[in-house]
Amino acid sequence: MRPTVRLTPWIRSWRAGLVPFDDAAVALEDGTDHAVLDMPGSVREQTLREALTGLAKLPPEQIRLVLPAPGDPRGLPGPGPFTSAALLAGEGIVAGAIGLVPEPREYTSGSGDTWLAITWRGYEIAAGGLPPELVTPSEAEADLGLALAASTQALAELDVARWRPSLAPALTALRRGGGSADLPAGYDPRSRRLYARAGMLDRVLALAEHDEPGGAINAYEANQRAAALRPLATACRRALVAACNSPLG
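My aim in this report is to walk through the structure given alongside it, one point at a time.

So, how was this worked out
Residues numbered from 1 in each chain as written. Predicted model: local features only at pLDDT ≥ 70, side-chain atom pairs only at ≥ 80, totals over all residues. Heavy atoms only, no water. Helix = DSSP H or I, 4+ residues; strand = E, 2+ residues; numbered from the N terminus. Buried < 20%, exposed > 50% of the residue type's maximum accessible area, 1.4 Å probe, protein only. Contact = heavy atoms within 4.5 Å. Areas by Shrake-Rupley, 256 points an atom, 1.4 Å probe, with all protein chains shown as cover. Phe/Tyr/Trp six-rings, centres within 6.5 Å; stacked < 30°, edge-to-face > 60°. Lys NZ or Arg CZ within 6 Å of the ring centre and 35° of its normal. Salt bridge = Lys/Arg side-chain N within 4 Å of Asp/Glu carboxyl O. Arc of directions from axis to C-beta. Pairing = 2+ DSSP bridges. Expected span 1.5 Å × (residues − 1). Polar contact = N/O pair within 3.5 Å; in protein donor to acceptor, adjacent residues only side chain to side chain.

1. Quick word on the overall build of the protein
Broken down by element type, the protein carries 8 helices and 5 strands. Listing each helix as α and each strand as β along the protein from the N terminus yields α-α-β-α-β-α-β-β-β-α-α-α-α. Each of the 249 residues in the protein was classed as buried or not, and the buried ones make up 45%. For the protein, the proportion of contacts with a sequence separation of at least 24, taken over those separated by at least 6, is 67%. Surface accessibility of the protein: about 12,400 Å² in total, with carbon and sulfur atoms responsible for 55%.

Next comes the structure, spelled out in structure tokens:
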């Protein structure tokens, strides 16, 4: 799961007073090495816990997920270093006047063990930027269902099983509402359902994006496959943003 998609809901739930700080910190660390650099007002590297304490005065509505893509900068606050970094990474968190962008890296030890380390870069966000895009979970859920149905048909016509055998049944499961990821306290059932479904789909799309062409035997078929996935990826990002940024109760 994208680091920001995991981090944002827990910060928001903590700031709403729905989960204790220690519970949020433990859930977010989850065996991953985190370091935070360049936080506004700090000249040293911080741990994730230290960086989160700097957000202790923010209400949850000032903390939101952004998942931009080339040609789709929705949710970004306007031109600036944070916007550039978030576009490059494909994700970021807006927390008041601070922006956070992750830089995940996977390491392998000499014995073959692997682990994930995430460096978070902090950015100061100038006042007066663009207002956030407001998408309700119900709107995003409907859009995701339509995009999933259309893309599944297009991928079936491209004989998707030849290039990624595990992807076709996964997409079928998603059409039935599959997914197991969960949100912390405060989110309603619709947001939880959307988060689980879109989270699973996001991982499937990541596998498809990085897979070798396989069944796409020429450039034309490869382009057709990318075209089939593009609207689905857009709807998936929109769904994750709507779920993570939805009002807390």
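The structure having been displayed, the exposition proceeds.
2. Topic: the packing of aromatic side chains
Inspection of every chain in the model, using the stated rule, returns 2 aromatic pairs. When the ring centre of Trp14 is taken as origin, the NZ or CZ atom of Arg15, which lies over that ring, is 5.0 Å away.

3. Some remarks on the pattern of salt bridges
Taken as a whole and judged by the stated rule, the model has 12 salt bridges. For Arg49, the salt bridge goes to Asp22, with nearest N and O atoms at 3.4 Å. Highlighted residues: Arg49 in helix H3 (residues 48-53) and Asp22 in helix H2 (residues 21-29), separated in sequence by 27 residues. Residue class for Arg49 comes out partly exposed when judged on its relative accessible area of 29%. Taking the shortest distance from any N to any O, the salt bridge between Arg49 and Glu29 comes out at 3.1 Å. Within this pair, whereas Arg49 is found in helix H3, its partner Glu29 is found in helix H2, the two being separated by 20 residues in sequence. Given the relative accessible area of 25%, Glu29 is considered partly exposed.

4. Some words on the side chain of Ser151
Here Ser151 is to be found in helix H5 (residues 137-157). Apart from residues lying up to four places away in sequence, Ser151 is in contact with Ala228 and Leu232.

5. Describing H2
Listed as buried for H2 are Ala24, Ala25, Ala27 and Leu28. One side of H2 holds all its buried residues, which, seen down the axis, span an arc of 165°. Those residues of H2 hidden inside the fold are in contact with helix H1 (3-15), strand E1 (33-37) and H3.

6. Here we look at the pairing of strand E3 (residues 92-95)
Burial of the side chains of E3 extends over both faces: Gly92 and Val94 are buried on one face and Ile93 and Ala95 on the other. Looking at chain direction, strand E2 (residues 63-66) and E3 are connected through 4 bridges and run antiparallel. Directly across from Arg64, in E3, lies its bridge partner Val94. With antiparallel pairing between neighbouring strands as the criterion, E3 and strand E4 (residues 98-108) make up a hairpin whose turn holds 2 residues, including Gly96 at a positive phi of roughly 65°.

7. Some details on H1
Compared with an ideal rise of 1.5 Å per residue, which puts 13 residues at 18 Å, H1 spans 18 Å between its outermost C-alpha atoms and is within 8% of the ideal. Taken across its 13 residues, H1 has 11 buried, putting it largely inside the fold. Residue Gly17 follows H1 closely and has a positive phi angle near 80°.

8. Overview of the side chain of Arg237
For Arg237, the position within the fold is in helix H8 (residues 219-244). A polar atom in the side chain of Arg237 sits 2.5 Å from the side chain of Asp72. The residues contacting Arg237, other than those within four sequence positions of it, are Arg2, Leu67, Pro68, Ala69 and Asp72.

9. Considerations on unusual backbone geometry
With phi around 65°, Asp38 is a residue other than glycine that occupies positive phi space. As for its position among the elements, Asp38 is in the loop between E1 and H3. Given the relative accessible area of 46%, Asp38 is considered partly exposed.

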